Amino acid sequence: IQNFGAMDVLCTDKTGTLTQDRIILEKYVDLDGQPSDWVLDFAYLNSYYQSGLRSQLDQAVLKYTEVHEKLHEQGQYQKVDEIPFDFQRRRMSVVVEGQGQRLLICKGAVEEVFAACKLAESGGLHFALDESHLARVQATSRALNEDGFRVIAIAYKPLPEGQPPVTVADERDLVLLGFIAFLDPPKEGVREALSALSRHGVTVKILTGDNEIVTNKICREVALPVEHTLLGAEIEAMNDQQLQQVVNQTQVFAKLSPAQKARVIGALRARGHVVGYLGDGINDGPALKAADVGVSVDTAVDIAKESADIILLKKSLMVLNDGVIEGRKVFGNLLKYIRMGASSNFGNMFSVLGVSAWLPFLPMAPIQVLTNNLLYDISQSAIPSDEVDREELMQPRRWEIGNIARFMVLVGPISSVFDYATFALMFYVFKAQAPEQAALFHTGWFVESLLSQTLIIHIIRTGRLPFVQSRASKALLGTTLAVCAVGVVLPYSPLASSLGLVALPWHYWPALAAILVSNLLLTTVLTRWLRRRFALM
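Only a predicted model underlies this, so the values are computations on that prediction, with no experimental measurement involved. (Residues numbered from 1 in each chain as written. Predicted model: local features only at pLDDT ≥ 70, side-chain atom pairs only at ≥ 80, totals over all residues. Heavy atoms only, no water.)

1. Focus: the packing of aromatic side chains
The test is simple: Two aromatic rings from Phe, Tyr or Trp, using only the six-membered ring of Trp, form a pair when their centres are within 6.5 Å; if the ring planes differ by under 30 degrees the pair is stacked, by over 60 it is edge-to-face, and anything between is tilted.
Evaluated as defined, the whole model comprises 18 aromatic pairs. Clustering of aromatic rings is evident, with ring pairs tying together F361, Y420, F423, F441 and W445.

Printed below as a string of structure tokens:
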């Protein structure tokens, strides 16, 4: 949760994050961009007969029930073989037999399918896929991408009877047939969520397997500025140092493999960022593991959920923004407790060491130390419910041990100053100088120590003026008042003798009030100076 709040870069895929995750097959066209039932038929056969995990693209194709009835009536086609999808080839093929022929049908990312094709088909005619014709079909694909469509290429080739089991080597010399185009509209509320994340100091970067044209189109529609795009092939040619030099300036990383997503995250972390990754697919596993905080959703595939640190019940950037704020609240309250404990214990150490050098008895009995700590811890148990000042939620925050140590060394001794004032009060004013008066000395310091430690949290918890500009939660105020009341009443209660406490004289209380007020004022001045001087939050 703390890493969630410290995150300053969020990496995510666009599908389901920037878009609605409702993929619809909108077009099936030949190489000239004209509707083609032949392209749809081949796409359907490929999606229907593959045995791997069907993607949302496959599900969109399989919704065409009339195609199923046409292709499978009287068992026209049957599956013979298959070459599964992988993220290196970015394509998959099935071999089907029907209507007196055996066909290898391939579908996949446009450039990868182009690379496996030797011929192209248009209007029933075949032609060589040379440079001039390739430019023409690339223009058709690019036009679909520029309209916001996700494009998949379809190709095939006839196979002879008795063909041995196919391998990846058989995905060559294919005939390019056409394209299927899917639409996944931008999600409502994404602009507002991106704006909220930006206001809270979180930069969003898109890591996707899609091509850069359609990704940039979606980014423009949701007002996510894109100045630089990096492709997977370019990343593959870089070493880690070169990648680290460009990751900060790049907003979109397109056509990435799972391993390349993890490399990008590693490069961002090497540049000092706290990186979150939001993903829900099989290909997101390495990136979820590589991130400082991996985030998935409850509808994700098992491997993504197992790799994630946090599971969202709704895939929404606004929900994630709310999580970032909660992470910063958790961190802020943790920091309050650590600063409080470190400075208080550091000050108590000086107090005990100093007074033990000249006092002829222990400054506090062991049972009183334990009781004091128990009551103090009860008062601090409400810190997780405390409010956090708005300015502390606006930017990512990290552990900075140096600042905690500085706070401890400078604020801690202040409590010792007023502990010594209490020692002097009890020793010289109330004459608790001999072992016979030890109980009076113990009680005086017990009450002062408990009240000062319990009240100081209200100074340390905020950079504003305490009690006036920033108030603690009702729970923290309640535990503070309750513990202070117990501390005041305890010396006069039936438990006093069991704890070695005695009733305090009435003129002890005005002196204690002066000590506490002085302590609170001096601590307020010093902590506010520390926050300004060292930009502490």
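2. A look at helix α14 (residues 317–356)
To keep things clear, this is the line we draw: Comment: elements are numbered from the N terminus, with helices defined as DSSP H or I runs of at least four residues and strands as E runs of at least two. In this scheme, a helix's expected span is set at 1.5 Å multiplied by one less than its residue total. Think of a polar contact as two N or O atoms within 3.5 Å of one another; within protein, one of them needs to be a possible hydrogen donor and the other a possible acceptor, and neighboring residues in sequence only count if both atoms come from side chains.
Between its first and last C-alpha atoms α14 spans 58 Å; for 40 residues at 1.5 Å apiece the expected length is 58 Å, and the two agree. By the N-cap criterion, in which a side-chain oxygen at the helix start approaches the backbone nitrogen of a residue two or three places on, α14 is capped by S316, the distance to M318 being 3.2 Å.

3. Regarding unusual backbone geometry
What counts, and what does not: In this scheme, a residue with accessible area under 20% of its type's maximum is buried, one over 50% is exposed, and one in between is partly exposed, where area comes from a 1.4 Å probe on protein chains only.
A positive phi angle, near 60°, is found at R90, a position not held by glycine. As for its position among the elements, R90 is in the loop between β3 (77–83) and β4 (91–98). R90 gets classed as buried once you look at its relative accessible area, which sits at 13%. For K255, which is not glycine, the phi dihedral falls at a positive 55°. The residue K255 is located in the loop between β12 (252–254) and α11 (258–270) in this model.

4. Here we look at the nonpolar core
Convention followed: In this text, buried Ala, Val, Leu, Ile, Met, Phe, Trp, Tyr and Cys residues form a nonpolar core when linked through side-chain atoms within 4.5 Å. Between two residues, a contact is recorded if the distance between any of their heavy atoms is within 4.5 Å.
In this structure, M7, L10, L18, L317 and L320 are the most contacted members of the largest nonpolar core, which totals 49 residues. Among all residues touching L320, those that are not within four sequence positions of it are F4, M7, L10, L197, L278, V295 and L312. Judged by nonpolar contacts, the second largest core, of 45 residues, contains F407, L440, A472 and A496.

5. Considerations on the confidence of the model for the chain
Rules: Per residue, pLDDT captures the predictor's confidence, and it can take any value from 0 to 100.
Mean pLDDT for the chain: 90, with 99% of residues reaching 70 or above. Mean pLDDT across the elements of the chain bottoms out in helix α4 (residues 65–72) (78) and peaks in helix α18 (residues 474–489) (96).

6. Some details on the sheet that holds strand β15 (residues 310–312)
The condition is simple: Each pair of strands is called paired provided DSSP finds at least two bridges between the two strands. Axes here refer to lines fitted to C-alpha atoms; in helices the fit is confined to the stretch in contact. Angles between the N-to-C directions go from 0 to 180 degrees.
Strand order in this open sheet of seven strands is β11-β12-β10-β1-β13-β14-β15, and the pairing throughout is parallel. The open sheet has two free edges, formed respectively by β11 (229–231) and β15, since each of these has just one partner strand. The mean inter-strand angle of the sheet, taken between neighbouring strand axes irrespective of direction, is 20°. For strand β14 (residues 293–297) and β15, the ladder comprises three bridges, and the chain directions are parallel.

7. Observations concerning the pattern of salt bridges
Pairing is possible between side chains of opposite charge, provided their charged atoms come close. Stated precisely, the cut-off is as follows: Between Lys or Arg on one side and Asp or Glu on the other, a salt bridge is scored when a side-chain nitrogen of the former is within 4 Å of a carboxyl oxygen of the latter.
One pass over the structure, following the stated rule, counts 24 salt bridges. Measuring nitrogen to oxygen at the nearest pair gives 2.5 Å for the salt bridge that ties D32 to R136. Of the two residues, D32 is situated in the loop between β2 (24–30) and α2 (37–49) and R136 in helix α6 (residues 131–146); the sequence distance between them amounts to 104 residues. For D32, a relative accessible area of 40% gives the class partly exposed. What makes R136 partly exposed here is its relative accessible area of 31%. Where K79 meets E82, a salt bridge forms, and the shortest distance between an N and an O atom there is 2.6 Å. One salt-bridge network, held together by shared partners, links D86, R89, R91 and E171.

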